[in-house]
Amino acid sequence: MRQTEVCIIGGGPAGLTAALKAAGLGAEVTLIDRNDYLGGQLIKQTHRFFGSKEQRASERGINIARELAEAVEKEDKITVLTKAAALSYYKDGVVMVKQNERIIKIKPQKLIVATGGSEKNLMFPNNDLPGVYGAGAVQTLVNVYGVKPGRKVLMVGAGNIGVIVSYQLLQAGVDVVGIIEAAPKIGAYWVHASKVVRAGVPIYASHTIKRAWGEKEVAGATIMKLDEKWQPVPGTEKELDVDVICLSVGLSPLTELLWQAGCKMEFIPELGGHVPVRNEDLETSQPGIYIAGDAAGIEEASAAMMEGALAGLNAAEAMGYKVSDFKEQKEVVMKELNGLRSGPVGEKIRKGLAKAIS
Amino acid sequence: MRVNEHPILNFEKGNKVMFYYNGQQLEGFTGETIAAALHANGVRAMRESIHLHRPRGLFCNIGNCSSCLMMVNGKPNVRVCVEKLEEGMMVETQQGKGELK
């Protein structure tokens, strides 16, 4: 049995930042990740982030991932376990981890769950055919491995991910036939949306996918218009010649370990599904178990890094590590986070968080 | 199909390796996943659904969803989206749930 002060599950933006902050206060950290690299899904984000300078604006996600991972590997107080999957959490506070076909038991004093999210599917006939992918799946294929998913793509969903991945497909030389969006308005930031529109990709608002075509693989799709009550309008069907259908219809928090730990969970659609109830310090209803990033509610990577910072600071402080500028450090992050969630763009998140914080 | 030119990214390929997909010899590179190598060769069907035997492909590509389980070197239920390619690997479409030896 390994003993550690703070165990962090997930080496994405939230987990890496949490590890750095907790170690910065003096805590001894064990960071585990199921992949053979650190950085989580940041490693495929080739676009520049925006926001303020503190939020690493204008830096590409891939570079942020590299910087954070290097900083973590340099830090003596952090032990990194890669290719290590957290399988379960036990009542006596033990995390069971599988690494290289061996079981490791870790007993932390504080646990930070930063497991991220998984892509949602959408119901329509033939949605199980090869050629129907999550948008993130295609992003991994193209940006990490340099492999194309097919020749012609229909993107379903015009939120940030749908629009950004569409643009990245164009950069890789893949044709994007169109982007459809069920809502009457494009959800993505205009900075991203205008790039694909300028490149000549049509965005069809108030449209849905009726079905996919094909025997062994996707060979086409039918889209149709939705009325103001979100009902399909007969006679508006349009056939598209595509061999790839990308679903960018949201994510769900990956919360299995939190359920297992007996954390109080709440279904909050604004945060992507079931999420743990937490206090202002990101501590769940189970004392000593903290959350950060998409596992706490689907948001973007910038928010995940700030939540990671807060969870790391709070967990280390609860361990008894004190620094003179603790309050200031926290306030800086809180201010950034509130800034990110302000305005009309953050309305959904604010509504969701109001229900999740007790 | 591989991406040949990219405005931002340089794809550093590993060593060229041979592997087998249902007995057919294909080419890939170390450092990439089995799923990526199969896609580069135009193979998009990874598995068969258990009851209706419908073809299934890659869905999440990061090890969450189990849509891409295949037999690799005789071992069933391998998530080929996260398993790295190695020289001589035998990759096969899995029938049913697979049997553990």
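Values in this document were obtained by computation on a predicted structure and should not be read as measured data. (Residues numbered from 1 in each chain as written. Chains lettered and ligands numbered in written order. Predicted model: local features only at pLDDT ≥ 70, side-chain atom pairs only at ≥ 80, totals over all residues. Heavy atoms only, no water.)

*Asks:* Describe the overall build of chain B, listing the residues and the values that go with them.
*Replies:* Summing up its helical and strand segments, chain B has one helix and seven strands in all. Each helix (α) and strand (β) of chain B, taken in turn from the N terminus, gives the series β-β-α-β-β-β-β-β. Computed over the C-alpha atoms, the radius of gyration of chain B is 14 Å, within 12% of the 13 Å expected from 2.2 N^0.38 for a compact globule of 101 residues. Considering only C-alpha atoms, chain B reaches an extent of 45 × 25 × 20 Å along its principal axes. Counting only residues that meet the buried cut, chain B has 45% of its 101 residues in that class. Across chain B, every contact between residues at least 6 apart in sequence was considered, and the portion connecting residues at least 24 apart equals 40%. (Helix = DSSP H or I, 4+ residues; strand = E, 2+ residues; numbered from the N terminus. Rg over C-alpha atoms; globule rule 2.2 N^0.38 Å. Buried < 20%, exposed > 50% of the residue type's maximum accessible area, 1.4 Å probe, protein only. Contact = heavy atoms within 4.5 Å.)

*Asks:* Describe in detail the interface of chain B and chain A, supporting the description with residues and values.
*Replies:* Facing the 31 residues of chain B at the interface are 44 residues of chain A. Buried surface at the junction of chain B and chain A, both sides included, amounts to about 3,100 Å², of which 53% is carbon and sulfur. Broken down residue by residue, the surface that chain B buries against chain A is led by M1, R44 and F59 of chain B, which jointly contribute 26%. Where chain B meets chain A, there are five salt bridges. Connecting chain B to chain A are 14 residue pairs in polar contact (both at pLDDT 80 or more). A total of three residues in the side of chain B that touches chain A trace back to one element, the largest contributor, which is helix α1 (residues 34-40) of chain B. In the side of chain B that touches chain A, the residues fall into 14 nonpolar, nine polar and eight charged. (Buried area = accessible area lost by both parts, 1.4 Å probe. Salt bridge = Lys/Arg side-chain N within 4 Å of Asp/Glu carboxyl O. Polar contact = N/O pair within 3.5 Å; in protein donor to acceptor, adjacent residues only side chain to side chain. Nonpolar A, V, L, I, M, F, W, Y, C, P; charged D, E, K, R; others polar.)

*Asks:* Just give me the short version of the pairing of strand β6 (residues 102-113) of chain A, but keep the residues and values in it.
*Replies:* Residue and element names in this part refer to chain A. Alignment of strand β1 (residues 2-9) against β6, held across seven bridges, turns out to be parallel. Of the residues in β6, the one forming a bridge with I8 is I112. Here strand β5 (residues 95-99) runs beside β6; their pairing, made up of five bridges, is antiparallel. In the sheet register, V95 faces β6, and the bridge partner there is I106. Counting the residues between successive antiparallel strands, the hairpin from β5 to β6 contains two residues, one of them, N100, with a positive phi of roughly 50°. Both β6 and strand β19 (residues 289-291) contribute to a ladder of three bridges, which runs parallel. If you follow V113 over to β19, its bridge partner there is I291. (Pairing = 2+ DSSP bridges.)

*Asks:* If you had to explain the pairing of β5 of chain A to someone new, which residues and values would you point to?
*Replies:* Residue and element names in this part refer to chain A. Counting buried positions along β5 yields four of five residues, so the element is predominantly enclosed. Pairing geometry for strand β4 (residues 84-89) and β5, over five bridges, is antiparallel. Bridge pairing in β5 links Y89 to V95. Between β4 and the antiparallel strand that follows it, β5, lie five residues; G93 among them carries a positive phi value of about 80°.

*Asks:* Describe the sheet that holds strand β14 (residues 238-240) of chain A, listing the residues and the values that go with them.
*Replies:* Residue and element names in this part refer to chain A. Read across the open sheet, the three strands follow the order β12-β13-β14; overall the sheet is antiparallel. Only two strands of the sheet have a single neighbouring strand rather than two, namely β12 (207-213) and β14. Taking each pair of neighbouring strands and ignoring which way they run, the sheet shows an average axis angle of 30°. As judged from the six bridges shared by β12 and strand β13 (residues 220-225), these two strands associate in the antiparallel manner. (Axes fitted to C-alpha atoms, helices over the stretch in contact; angles between N-to-C directions.)

*Asks:* Talk me through helix α4 (residues 160-171) of chain A; I want residue IDs and the actual numbers.
*Replies:* All names here are of chain A. With 12 residues, α4 should cover 16 Å at 1.5 Å per step; its first-to-last C-alpha distance of 16 Å lies within 8% of that length. All of the buried residues along α4 are G162, V163, I164, V165, S166, Q168, L169 and Q171. Looking at the buried residues of α4, the elements they touch are α3 (135-145), β9 (152-156), β10 (175-181) and α5 (190-198). One or two steps after α4, the chain reaches G173, where phi turns positive at roughly 85°. (Expected span 1.5 Å × (residues − 1).)

*Asks:* Report on the sheet that holds strand β11 (residues 203-205) of chain A, specifying residues and quantitative values.
*Replies:* All names here are of chain A. On the basis of which strands lie adjacent, the open sheet formed by five strands has the order β8-β15-β9-β10-β11 and parallel pairing. What marks the edges here is a single partner per strand, and that holds for β8 (132-134) and β11. Pairs of neighbouring strands in the sheet enclose a mean axial angle of 20°, with direction left out of account. Direction of pairing for β9 relative to β10: parallel, over a ladder of five bridges. Residue pairing for β10: V156 is matched across the bridge by I180. The strands touched by α3 within the sheet are β8, β9 and β15 (244-247), with β8 carrying the most contacts at an inclination of about 85°.

*Asks:* Talk me through the side chain of D243 of chain A; I want residue IDs and the actual numbers.
*Replies:* Mapped onto the secondary structure, D243 of chain A falls in the loop between β14 and β15. Of the side chains bearing the opposite charge, R151 of chain A lies closest to the buried D243 of chain A, which forms no salt bridge; the N-O distance is 4.1 Å. For D243 of chain A, the side chain forms a polar contact with the main-chain nitrogen of R151 of chain A, separated by 3.0 Å. A polar contact of 2.9 Å, which involves the side chain of D243 of chain A, links it to the backbone nitrogen of K152 of chain A. Apart from the residues within four sequence positions on either side, D243 of chain A is in contact with G131, G150, R151, K152 and V218 of chain A together with R44 of chain B. (Lys, Arg positive; Asp, Glu negative; His and termini not counted.)

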